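# Overview (structure and organization)
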Amino acid sequence: MVAFDSAAILSRLAALRAGDAPTHGGRVLSYVYDSGLAEVDELAAQAVRLVQPVNGLDPTTFTSVAVMEREVIGFARELLHGADDVVGSVTTGGTESCLLAVKTARDVWRAAGGTGRARLIAPVTVHAAFHKAAHYFDLELDLVPVDPATGALDPDALIARLGPDVALAVVSAPSYPFAGLDPVEVVAAACDDAGVACHVDGCIGGWILPFWRAADGSPLPLWDFRVPGVTSVSADLHKFGYAPKGASVLLQRGRDRQRTQYFATTGWPGYPVVNPTMLGSKSAGALAASWAIVQALGARGFAELAESCRRATAALTDIISDIEGLRIVGDPVGPLLAVATDESVPEDRRVDPHHWADRAHRRGWQLQLQPGLAQADGTRLPHTTHLTITPVTEQRVDELEAALRASADEVRGVPRADASAVLGALPSGLADAPLDSETAAGLLEAIGLAGSGMRPARVSRTSSRRSSPSSRPSRRRSPSGC
Ligand SMILES: *Cc1c(COP(=O)(O)O)cnc(C)c1O
């Protein structure tokens, strides 16, 4: 047996990790979802370790996987008010849940006689995972423009596009870019009438909106399985389920529908394959951690954490609304919001949200840049800065307030930077174009994955084109994700 020095290996890893953005403590307001409960993290870590050698591919061999999955799905079904006909799978994340929802809907549509290329309709605020799904499964992605000022979907605009070639309509609860809760009841009712499947993307909201109420204390409009016509819902455990990355649930209404999600074959000389999800061999780690967290917190624990997020979100909403030159976009529902320039004030009083985020970053707070978008109707969604609020935020609201106010004061009146700065050196027109190998290499280099892997991920992408320090982002940000 080779000798190895665990301590040295782990110390190198610890050194690498020291270069990462902080995953705990609330300084990164996207990507990470910190419950603030060290004992919950420790429980999750021990659960991961216990199942480390297990292969989640075969729950008949590794029966713990079947039990954990059944219990997690049972809890999620209750949370989302599914009746007995609602069944589900634990997937490896939001993207996989969304991919499977689309694949299922396409195959159900085909089985019902649909021919040619199916269409997927959704507001432009729908998560990019659905762009990916349409691309992978060859559906036409038909994006409905939203109100450019608020990001809100007019349900009639979406309903008008229903037709026999539509395999799926997708709405969000809430959407990632502006946290809008789409009009699920109206859209799902129209889909039901038209015989079209309707997916509710609750990836970010699914584990927290059940405990949320509107700012005035009233309950939210219905968005889950209580709404007839909703055929599937995705909800990420690795977001407000506080689990380590690699866990989400996809619930489907109806066993027959869910069977369409499966891939099964005995048409090869190896073991019979029955895969409810996209992977074959897979880790049971994030499932076990999710299961343990669900046992530990229960609905009451999730409700308490949600309440903390709600208080912090309300406080930050007041604070940001009070900062001259900035505005919160639309009517956010849940613990996330997007901040744009307030164009109702004179130009020299306006605050560019990206300059603002840049200054906040210098103060140790990482907010996420969102680039804005030209819609098909000629209107333009503003570029914004995104904040996801987690349970650790509440105890740091005062510190964050000071940083947000001081950052705004520093850049008030400074015009926006070149839009391309948001995406650093990423090639323009990236969307939907197949990547040639040169573009792909440039992209990998831009996000720090090229070459020997020794390149620090956070390289400055500033160029000589932008010379004023105030219009220069101090760092790269990942172009996507949350
Ligand atoms: C996070 C998210 C997704 C995709 O999830 P991943 O877990 O990052 O794959 C999809 N939809 C919404 C609304 C999300 O917030």
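Residues numbered from 1 in each chain as written. Predicted model: local features only at pLDDT ≥ 70, side-chain atom pairs only at ≥ 80, totals over all residues. Heavy atoms only, no water.

### Quick notes on the sheet that holds strand β2 (residues 119-123)
Taking strand neighbours across the sheet as the criterion, the seven strands line up as β1-β7-β6-β5-β4-β2-β3 in an open arrangement whose pairing is mixed. The open sheet terminates on both sides in strands that have one partner only, identified here as β1 (86-91) and β3 (140-144). For this sheet the average axis-to-axis angle between neighbouring strands, irrespective of direction, equals 20°. Relative to strand β4 (residues 166-172), β2 runs parallel, the two sharing three bridges. Its bridge partner being in β4, Ile-121 is matched across the sheet by Ala-169. The sheet contacts of helix α4 (residues 94-111) involve β1, β2, β4, β5 (197-201), β6 (232-235) and β7 (248-253), and relative to β7 the element is tilted by about 20°. (Pairing = 2+ DSSP bridges. Helix = DSSP H or I, 4+ residues; strand = E, 2+ residues; numbered from the N terminus. Axes fitted to C-alpha atoms, helices over the stretch in contact; angles between N-to-C directions. Contact = heavy atoms within 4.5 Å.)

### A word on the pattern of salt bridges
Under the defined criterion, the tally for this structure stands at 22 salt bridges. Across the pair Arg-117 and Asp-138 runs a salt bridge whose closest N-O atoms are separated by 2.9 Å. With Arg-117 in the loop between α4 and β2 and Asp-138 in the loop between α5 (129-137) and β3, the pair connects residues that are 21 residues apart, well separated along the chain. The exposure class assigned to Asp-138 is partly exposed, which follows from its relative accessible area of 45%. (Salt bridge = Lys/Arg side-chain N within 4 Å of Asp/Glu carboxyl O. Buried < 20%, exposed > 50% of the residue type's maximum accessible area, 1.4 Å probe, protein only.)

### Some remarks on the state of the cysteines
The bond known as a disulfide is covalent and runs between the sulfur atoms of two cysteines. Tallying each qualifying case throughout the model produces zero disulfides. Looking at the unpaired Cys-198, the closest cysteine sulfur is the one in Cys-191, lying at 4.4 Å. (Disulfide = S-S within 2.5 Å.)

### Considerations on the confidence of the model for the chain
Per-residue confidence for the chain gives a mean pLDDT of 91, with 87% of residues at or over 70. Highest mean pLDDT in the chain belongs to β5 (99); lowest belongs to helix α12 (residues 437-446) (62). Across residues 451-482, where pLDDT falls below 50, the model places 68 contacts with residues more than four positions away in sequence or in other chains. (pLDDT = per-residue confidence, 0-100.)

### So, the side chain of Asp-352
Tracing the sequence through the fold places Asp-352 in the loop between β11 (336-341) and α10 (353-362). An unpaired buried charge is present at Asp-352: no salt bridge exists, and Arg-416, the closest side chain of opposite charge, is 4.4 Å distant. Here the side chain of Asp-352 touches His-354 through a polar contact of 2.8 Å, landing on its backbone nitrogen. Look past the residues within four positions of Asp-352 in its chain and what remains in contact with it is Thr-341, His-383, Val-414, Arg-416 and Ala-417. (Lys, Arg positive; Asp, Glu negative; His and termini not counted. Polar contact = N/O pair within 3.5 Å; in protein donor to acceptor, adjacent residues only side chain to side chain.)

### Here we look at the site of the ligand
Around the ligand there are 12 residues in total, and Gly-94, Thr-95, Asp-201, His-238 and Lys-239 lie nearest to it. Within the side chain of Thr-95, an N or O atom sits 2.5 Å from an oxygen atom of the ligand. Coverage of the ligand by the protein amounts to 90% of the 380 Å² it exposes when considered alone. When its residues are assigned to classes, the shell around the ligand shows four nonpolar, five polar and three charged. (Near = heavy atom within 4 Å. Areas by Shrake-Rupley, 256 points an atom, 1.4 Å probe, with all protein chains shown as cover. Nonpolar A, V, L, I, M, F, W, Y, C, P; charged D, E, K, R; others polar.)

### Structural notes on the pairing of strand β15 (residues 384-388)
For β15, the buried fraction is high: five of the five residues fall into the buried class. Neither face of β15 is exposed, since Thr-384, His-386 and Thr-388 on one face and Thr-385 and Leu-387 on the opposite face are all buried. Bridging between β11 and β15 involves four bridges; their strand directions are antiparallel. Within β15, the position partnered with Ala-338 by the bridge is His-386. Pairing geometry for strand β12 (residues 368-370) and β15, over three bridges, is antiparallel. Looking at the pairing, Gln-368 lines up with His-386 of β15.

### Re the nonpolar core
Counting 78 residues, the largest nonpolar core has Trp-207, Trp-223, Val-249 and Phe-302 as its most contacted members. Beyond its immediate chain neighbours, meaning those up to four positions away, Val-249 contacts Val-72, Ile-73, Ala-76, Ser-89, Val-90, Ser-97, Trp-207, Val-233, Ser-234, Ala-235 and Leu-237. In terms of nonpolar packing, the next biggest core, distinct from the first, is built from 26 residues, Leu-326, Ala-357, Val-397 and Val-411 among them. (Core = buried A, V, L, I, M, F, W, Y, C linked by side-chain atoms within 4.5 Å.)

### Notes on helix α2 (residues 38-50)
Each turn of an α-helix holds 3.6 residues, which means side chains three or four residues apart point in the same direction. Its 13 residues place the ends of α2 18 Å apart at the C-alpha level, agreeing with the 18 Å of an ideal helix rising 1.5 Å per residue. Those residues of α2 not exposed but buried are Val-40, Ala-44 and Ala-47. Along the axis of α2, the buried residues cluster in a sector spanning 60°; they form a single face. Of the exposed residues in α2, those oriented more than 90 degrees away from the buried face are Ala-38, Glu-39 and Arg-49. (Expected span 1.5 Å × (residues − 1). Arc of directions from axis to C-beta.)

### Brief notes about unusual backbone geometry
A cis amide bond links Ala-173 to the next residue, Pro-174, at an omega of -10°. With respect to the secondary-structure elements, Pro-174 resides in the loop between β4 and α7 (184-194). One non-glycine residue, Tyr-31, adopts positive backbone phi at about 70°. Structurally, the position occupied by Tyr-31 is in the loop between α1 (6-18) and α2. Overall, Tyr-31 belongs to the partly exposed group, its relative accessible area being 30%. Positioned with a positive phi, His-81 is a non-glycine residue whose angle comes to about 60°. In this fold, His-81 is placed in the loop between α3 (63-79) and β1.

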